[in-house]
Amino acid sequence: MTATPPTVQDLPGQLPDLDWIADPLRVGRLSQDFSWFSPVLKRDLAGKRADLAVRPRTEDEIRAVVAACARAGIPLTLRGTGTGNYGQSTPLHGGVILDMSGYNAFGWVRGGTGRAQAGIRLADFDAQARPQGHELRWLPSTYRSATLGGLFGGGFGGAGSINHGPLAAPGNVLAVRAMTVEPEPQIVELRGPEAMLLHHTYGTNGIVLELEVALTPAVAWTECIVTFDAFDPALEFADRFGSAPGLQKKEVCFLAAPIPDYFTSLADAMPRGCHAVMVLVAPHSEAGMRDMAAALGGTVTYRKTADEVEASHKTLLECTWNHTTLHALKVDKGLTYIQSGFTPARRIEQIKALEAALGGEVMMHLEFLRTKEGAFNCSGLQLIRYTTEERLNEIMQIYRDHGVQINNPHTYIVEDGKQNQLDPAVVAMKRRFDPQGLLNPGKLRSWYAQQPQEAARQTA
Ligand code: FAD
């Protein structure tokens, strides 16, 4: 007689020293992220959850869980702190949530680089690096809670991308230390382009244990809001200031009317109906920024020095990027959003044409940045007055018809979100790191295209 293979429920008995979470409410919460921003994902992911969660604190504990799951063929879904937007850490096929937030030691800063365990919160990383004269090159607006591993596994960039591009720009992420999912897990250090094959793959092709990243000299950023009566000068200011090479900044966020009205706690700084630009500027560049704003008819209505920001625990960063969507959703639950990437040389023309075509239904929120290749550009996190999925798809098509790239936030499939072909090397990396296909199954379509029998098992 052959022994029955262990099930997921046997794991806590097998590894009793680990911090297991079995309470259905807590497991349910740990199975979710911010996919509810999308009515489409909210519907498609309803009821999807893990059977158990575990919060390892050491590499040995991670190895023990991974080995047990690999032996028993149990799916494993990695989680940082679950601030992702696309159901990235929601398991489609049950199994175990591997919560990495307890594996969070800071490593070191040496010269212009830093290293830490994947579960470290970005705010904690920055707090450790700043006294040594450096800061992270990009902070997503969720930096207070989001982890370094989660940003690498599911994120894009954030404040700072105006100087350094997205994480994916060569030279930003220098190395990862990663674990394979096998009965005898292996640990491998990947550097440079090879490390980037694990980036933005939703934890499907390797368990990232540590990251080494390039840093930038720390600056005591001043935070300002500049308001305008009209769309065009506000856009021109954001674009001119954003691209001005001599004016040092970390963030330029353009919010067309009526978006500023959703920030009820900033109503004094953003009069009803205004168009606003939120900036983080270096103290020595503030005068130049103000001159530019005044020349275009803008008014600086809000200003906080870095010390004032720290003392108040309130930062404009938490109004930018997808925090804009969060603030707006608190006021109007009928909204959703899209993500778009303009053509660098045609950005202003595209933005104005789309504002003319869809203004009212689509509200323009732009984040200024450099592309992976270094071109100055902006990407949109436009707010949408949601009616139906068909109309949402039509809006995204209208954007594409104007030559704008859509990074669809209403899908949990890696390839569909990125709107481009997946590098076959990503799938090869998955074969090396996750030969049984246990990591976050169902999210990497290209894997199933190469494993038809596996696809049939997953959809059964
Ligand atoms: P999680 O959501 O827990 O995980 C993200 C993905 O990474 C999952 O697929 C997970 O399986 C995988 N993963 C986690 N840890 C590991 C690991 N150790 N190894 C391998 N894979 C792993 N994103 C931006 O890029 N810029 C922004 O400015 C930004 N603003 C946001 C604002 C709001 C209000 C919200 C809700 C989201 C925003 N996001 C933004 C998305 C998200 O916050 C970031 O990508 C964040 O860095 C994710 O970190 P996390 O720890 O929450 O990851």
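Fair warning: this is a prediction, and the values are worked out from it, not measured in the lab.

1. Description of the site of the ligand
So, point 1. As a structural note, the neighbourhood of the ligand is formed by 32 residues, with L78, G80, T83, T147 and F156 the closest of them.
So, point 2. Take G84: an N or O atom from its main chain is 2.8 Å from an oxygen atom of the ligand.
So, point 3. Taking Q88, its main chain carries an N or O atom lying 3.0 Å from an oxygen atom of the ligand.
So, point 4. Its free accessible area being 980 Å², the ligand has 97% of it covered by the protein chains.
So, point 5. Of all elements in the fold, only β3 (76-79), α6 (148-154) and α11 (322-331) reach the threshold of two or more residues within the shell around the ligand.

2. Some thoughts on the domain arrangement of the protein
So, point 1. Looking at the assigned domains, one finds that the protein contains domain 1 (8-101), domain 2 (102-218 + 422-459) and domain 3 (222-414).
So, point 2. Computed over C-alpha atoms, the centres of domain 2 and domain 3 are 27 Å apart.
So, point 3. Contacts between domain 2 and domain 3 engage 27 residues on the former and 22 residues on the latter.
So, point 4. The largest contributions to the domain 2 side of the interface with domain 3 come from S141, R144 and I162, which together make up 33% of the buried area.
So, point 5. Scanning the region where domain 2 abuts domain 3 turns up 10 residue pairs in polar contact (both at pLDDT 80 or more).
So, point 6. Elements represented by at least two residues in the side of domain 2 that touches domain 3 include exactly β7 (134-136) and α7 (161-164).
So, point 7. The dominant element in the side of domain 2 that touches domain 3, judged by the number of residues it contributes, is α7, at 3 residues.
So, point 8. Grouping the constituent residues of the side of domain 2 that touches domain 3 by class yields 13 nonpolar, 10 polar and 4 charged.

3. So, the environment of T305
So, point 1. Looking at where T305 falls in the secondary structure, it is placed in the loop between β14 (299-304) and α10 (306-312).
So, point 2. Separated by 293 residues in sequence, T305 and P12 place their C-alpha atoms 50 Å apart.
So, point 3. Those residues in contact with T305 that lie beyond four places of it in its chain are W221 and T222.

4. What about helix α12 (residues 347-358)?
So, point 1. If you check α12, its first and last C-alpha atoms are 16 Å apart, about what 12 residues at 1.5 Å a residue would give, namely 16 Å.
So, point 2. Turning to α12, its buried residues are R347, Q350, I351, L354 and L358. The buried residues of α12 occupy an angular sector of 100° when projected down its axis, which confines them to one face.
So, point 3. Immediately downstream of α12, the backbone of G360 shows phi near 105°, a positive value.

5. Considerations on the packing of aromatic side chains
So, point 1. In total, this model carries 11 aromatic pairs according to the counting rule given.
So, point 2. Here F237 and F241 contribute two aromatic rings whose centre-to-centre distance is 5.8 Å and whose plane-to-plane angle is 5°, an arrangement assigned as stacked. Here F237 pairs with F241, and both are found in helix α8 (residues 231-243), just 4 residues apart, close to one helical turn. Accessibility classification places F237 together with F241 in one group, the buried group.
So, point 3. Taken together, the ring pairs connect F34, W36, F37 and Y337 into an aromatic cluster.
So, point 4. Of note, K249 hangs over the ring of F241, and the distance from its end group to the ring centre comes to 5.2 Å.
So, point 5. Across from the ring centre of W447, 5.1 Å away, lies the NZ or CZ of K430, which sits over that ring.

6. As for the sheet that holds strand β4 (residues 96-99)
So, point 1. Across the sheet, 4 strands lie side by side as β1-β2-β4-β3; this open sheet has mixed pairing. Both outer strands of the open sheet, β1 (20-21) and β3, are each paired with one neighbouring strand and no more.
So, point 2. Inspection of the sheet shows strand β2 (residues 52-54) paired to β4 by 3 bridges, in the parallel sense. Counterpart to A53 in the pairing with β4 is I97.

7. Thoughts on the packing of α8 against α12
So, point 1. Following both chains from N to C, one finds α8 and α12 inclined at 150°, their axes separated by 12 Å at the closest point. Here α12 runs roughly antiparallel to α8, going by the angle between their axes. Here α8 runs over α12; the crossing is right-handed. Judged by residue contacts, F231, D232, L235 and D239 of α8 engage R347, I348, I351, K352 and E355 from α12.
So, point 2. Here the residues of the contact of α8 with α12 are counted per class, giving 4 nonpolar, no polar and 5 charged.

8. Notes on unusual backbone geometry
With the exception of glycine, the majority of residues adopt a negative phi angle, and the majority of peptide bonds are in the trans configuration.
So, point 1. In this structure, the amide linkage connecting A257 to the following residue, P258, adopts the cis form with an omega of 10°.
So, point 2. One non-glycine residue, Y202, adopts positive backbone phi at about 55°.
So, point 3. By the element assignment, Y202 lies in the loop between β9 (187-191) and β10 (207-217).
So, point 4. Owing to a relative accessible area of 6%, Y202 belongs among the buried residues under this scheme.

9. Comments concerning the side chain of Q117
So, point 1. Along the chain, Q117 turns up in strand β6 (residues 113-117).
So, point 2. Q117 sits in the buried class, given a relative accessible area of 17%.
So, point 3. Among the polar contacts listed, one links the side chain of Q117 to the backbone nitrogen of A105, at a separation of 2.8 Å.
So, point 4. Filtering out sequence-adjacent residues up to four positions away, Q117 remains in contact with Y103, N104, A105, L209 and E210.

10. Some thoughts on the side chain of S31
So, point 1. Tracing the backbone shows S31 in the loop between α2 (24-30) and α3 (39-44).
So, point 2. On the basis of relative accessibility, which here comes to 0%, the residue S31 falls in the buried class.
So, point 3. Among all residues touching S31, those that are not within four sequence positions of it are K48, R49, A50, R79, S89, T90, P91 and I97.

11. Section: helix α5 (residues 122-129)
So, point 1. Three or more residues of α5 are buried, namely L122, A123, F125, D126 and A129. End-on, the buried residues of α5 take up no more than an arc of 160°, which puts them together on one face.
So, point 2. Each element contacted by the buried residues of α5 is listed here: β5 (106-110), β6, β7, α6 and β10.

Reading the values: the criteria
Residues numbered from 1 in each chain as written. Predicted model: local features only at pLDDT ≥ 70, side-chain atom pairs only at ≥ 80, totals over all residues. Heavy atoms only, no water. Near = heavy atom within 4 Å. Polar contact = N/O pair within 3.5 Å; in protein donor to acceptor, adjacent residues only side chain to side chain. Areas by Shrake-Rupley, 256 points an atom, 1.4 Å probe, with all protein chains shown as cover. Helix = DSSP H or I, 4+ residues; strand = E, 2+ residues; numbered from the N terminus. Domains from an automatic or database assignment. Contact = heavy atoms within 4.5 Å. Buried area = accessible area lost by both parts, 1.4 Å probe. Nonpolar A, V, L, I, M, F, W, Y, C, P; charged D, E, K, R; others polar. Expected span 1.5 Å × (residues − 1). Buried < 20%, exposed > 50% of the residue type's maximum accessible area, 1.4 Å probe, protein only. Arc of directions from axis to C-beta. Phe/Tyr/Trp six-rings, centres within 6.5 Å; stacked < 30°, edge-to-face > 60°. Lys NZ or Arg CZ within 6 Å of the ring centre and 35° of its normal. Pairing = 2+ DSSP bridges. Axes fitted to C-alpha atoms, helices over the stretch in contact; angles between N-to-C directions. Parallel < 35°, antiparallel > 145°, perpendicular 65-115°, else oblique. Left-handed = near helix turned anticlockwise from the far one by under 90°.

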